[in-house]
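Notes for the structure review
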Amino acid sequence: MSNKKINVAVLGATGAVGQVFTWMLSRHPWFNLTAVIASERRVGHTYSESVHWLLPFDFPPELHDVRIQAYDPDALKAMDVRFVFSALPAEVASDIEKDLRGRGFNVFSNAASLRYEKNIPILIPEANPEQLDWVPSQGYPTIGSVVTNANCATTGLAVALAPLKKYGIKEISVSSYQSISGAGYPGLSALDISGNVIPYIGGEEEKVEKEIKKILDINPAVYAYCIRVPVIFGHMESVWVEFEQEVDVEDVIRDWNEFKGFPHLPSSPVQPIVYSDEVRFPQSKLAFWGEPRGMVVYTGRVKKQARKIGFVLLVNNIVKGAAGGSIQNAELFAEKFGLRK
Ligand SMILES: NC(=O)c1ccc[n+]([C@@H]2O[C@H](COP(=O)([O-])OP(=O)(O)OC[C@H]3O[C@@H](n4cnc5c(N)ncnc54)[C@H](OP(=O)(O)O)[C@@H]3O)[C@@H](O)[C@H]2O)c1
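All of the points below concern the structure found in this document. Sequence order as written defines residue numbering, which begins from 1 separately in each chain. In keeping with the model being predicted, local features are shown solely for residues with a pLDDT of at least 70 and side-chain atom pairs are shown and tallied solely at 80 or more, while totals for entire chains, interfaces and linings include all residues. Where side-chain values are given, they derive from all heavy atoms of the structure, hydrogens and water being excluded.

1. Some details on helix H7 (residues 204–216)
Since there are 3.6 residues in each turn of an α-helix, residues three or four apart along the chain are aligned in direction. The following threshold applies: Put simply, DSSP marks the helices as runs of H or I at least four residues long and the strands as runs of E at least two long, and each gets a number from the N terminus on. Here a helix's expected span is defined as the number of its residues, less one, multiplied by 1.5 Å. Each residue is placed in one exposure class: buried if its accessible area under a 1.4 Å probe, protein chains only, is under 20% of its type's maximum, exposed if it is over 50%, and partly exposed if it falls in between.
Across its 13 residues, H7 extends 18 Å between first and last C-alpha, which sits within 8% of the 18 Å expected from 1.5 Å per residue. Listed as buried for H7 are Glu204, Glu205, Val208, Glu211, Ile212, Lys214, Ile215 and Leu216. Looking at the residues trailing H7, positive phi occurs at Asp217, about 55 degrees.

In structure tokens:
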């Protein structure tokens, strides 16, 4: 363990998002996973016996005997934890995350409960790194901070639109085809989702419509349908965008190919958006492709009709759309506020 690493904790570590956190943090070059926390019923049990491992690769051996701890901010202070990653349900996240901020912790949250508060960024490094400038107005560094990431479907949309924002976005119509893991674990009943498509995900369409505006600081008309499909990982989205300016298919493909983001951050891909003109691309089964795995947004099927550009995208909902996005946010935070010195 290097002294230069920042000590971090994960709240909600046994859930679908929580296990992506522990997997990515178990060997992170900047962060030292110091505390793994879940609900009271898990406290004292080992992580390996408590978690139902969903990820399509091996359980990290270094986490095998780690004990699940109770939520105790004083204990986190004593362990010199500075960053807390939250994968808590929204109902419990709000009070806990505000309490942690007040006690000097920097919280990186996946929950929706604080996303819409003034001065709390919905941060996606590729789309809006400038929102980190809001953090001092929360009281940081006198107290801590809360930085959220977006709803998983919105994340893919925001990354794909970030390099196209310069054309002026007038209208967005998006239909998402969202995987089961988006509902957490155990999530939906097998009887409800097996061989079935469900045309409604509670609250999801409102989140997409609201969050894309805050993230990209734009005010287009947004029309969203969010649909649950029987796929385990990865949200696909079909998108139509109307721009203020004349935009061609070639402009969009060039902008995606040239888009770089923050390739020096450990959890950033060298190329955040990967486009292919192969008509069968992208597909949900590619959700864990890329390096780091699950962090690339894939695009394809670009076409132009009248003044609108259409395309299809794939985002890994639990990695880039959740825990991986939070870790990338924490990396940008650590760099911006000089915490790695
Ligand atoms: N799944 C996604 O694709 C996705 C994407 C973006 C954002 N999110 C958001 O991320 C958060 C986590 O989602 P998830 O899908 O990982 O959910 P999940 O699978 O249901 O996991 C929830 C986690 O929170 C813990 N927990 C539940 N109630 C608690 C309480 N009262 N006190 C302390 N811990 C408690 C659970 O611990 P136990 O195991 O001990 O019950 C579990 O570790 C949610 O806010 C969700 O909206 C999810």
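2. A word on the sheet that holds strand E3 (residues 81–86)
Through backbone hydrogen bonds, the strands of a sheet pair up, either in parallel or in antiparallel fashion. Put simply, the test is: The rule for pairing is simple: two strands pair if DSSP sees at least two bridges between them. Orientation is described by axes fitted as lines to C-alpha atoms, over the contacting stretch for helices, and by angles from 0 to 180 degrees between their N-to-C directions. Every residue pair with non-hydrogen atoms within 4.5 Å of one another is taken to be in contact.
The five strands lie next to each other as E2-E1-E3-E4-E5, forming an open sheet whose pairing is parallel. At either end of the open sheet lies a strand with only one pairing partner, and these are strand E2 (31–37) and strand E5 (145–148). Pairs of neighbouring strands in the sheet enclose a mean axial angle of 25 degrees, with direction left out of account. Bridge count between E3 and strand E4 (residues 106–109): four bridges; the pairing is parallel. Residue Ser86 lies in a different strand from E4, and its bridge partner there is Ser109. Taken strand by strand, helix H4 (residues 90–102) contacts strand E1 (6–11), E3, E4 and E5, and its axis lies near 155 degrees from that of E4.

3. Notes on the site of the ligand
Just so we agree on the cut-off: What makes a residue near a molecule or strand is one non-hydrogen atom of that residue sitting within 4 Å of it. Any pair of N or O atoms that falls within 3.5 Å is considered a polar contact. Within protein, one atom must be able to donate a hydrogen and the other to accept it, and sequence-neighbouring residues count only if both atoms are side-chain atoms. Accessible surface area values rest on a Shrake-Rupley calculation with a 1.4 Å probe, where residue burial reflects the displayed protein chains alone.
Residues in contact with the ligand amount to 26 residues; listed here are only the nearest, Thr14, Val17, Ser39, Arg41 and Leu88. Between Thr14 and the ligand, the recorded distance is 2.5 Å, taken from a side-chain N or O atom to an oxygen atom. The separation between an oxygen atom of the ligand and a polar main-chain atom of Tyr185 is 2.8 Å. Contact with the protein chains hides 79% of the accessible area of the ligand, taken as 910 Å² for the molecule alone. Every element with two or more residues in the shell around the ligand is listed here: helix H1 (16–25), H4 and helix H9 (319–336).

4. Remarks on the nonpolar core
The condition that has to hold: Each nonpolar core is a collection of buried residues, namely Ala, Val, Leu, Ile, Met, Phe, Trp, Tyr and Cys, held together in the definition by side-chain atoms within 4.5 Å. Bear in mind that the domain bounds are from an automatic or database domain assignment.
Counting 48 residues, the largest nonpolar core has Phe21, Leu25, Phe31, Phe83, Phe85, Ile318 and Phe333 as the members making the most contacts within it. For this core, the secondary-structure elements that each account for two or more residues are E1, H1, E2, E3 and H9. The element that contributes the greatest number of residues to this core is H9, accounting for eight residues. Each of domain 1 (6–150 + 322–336) and domain 2 (152–316) gives at least three residues to this core. Not counting residues up to four positions away in its chain, the partners in contact with Phe21 are Val10, Phe85, Ser86, Ala87, Asn110, Ala323, Ser326 and Ile327. Membership of the second largest hydrophobic core comes to 42 residues, among which are Ile122, Leu164, Ile215 and Phe243.

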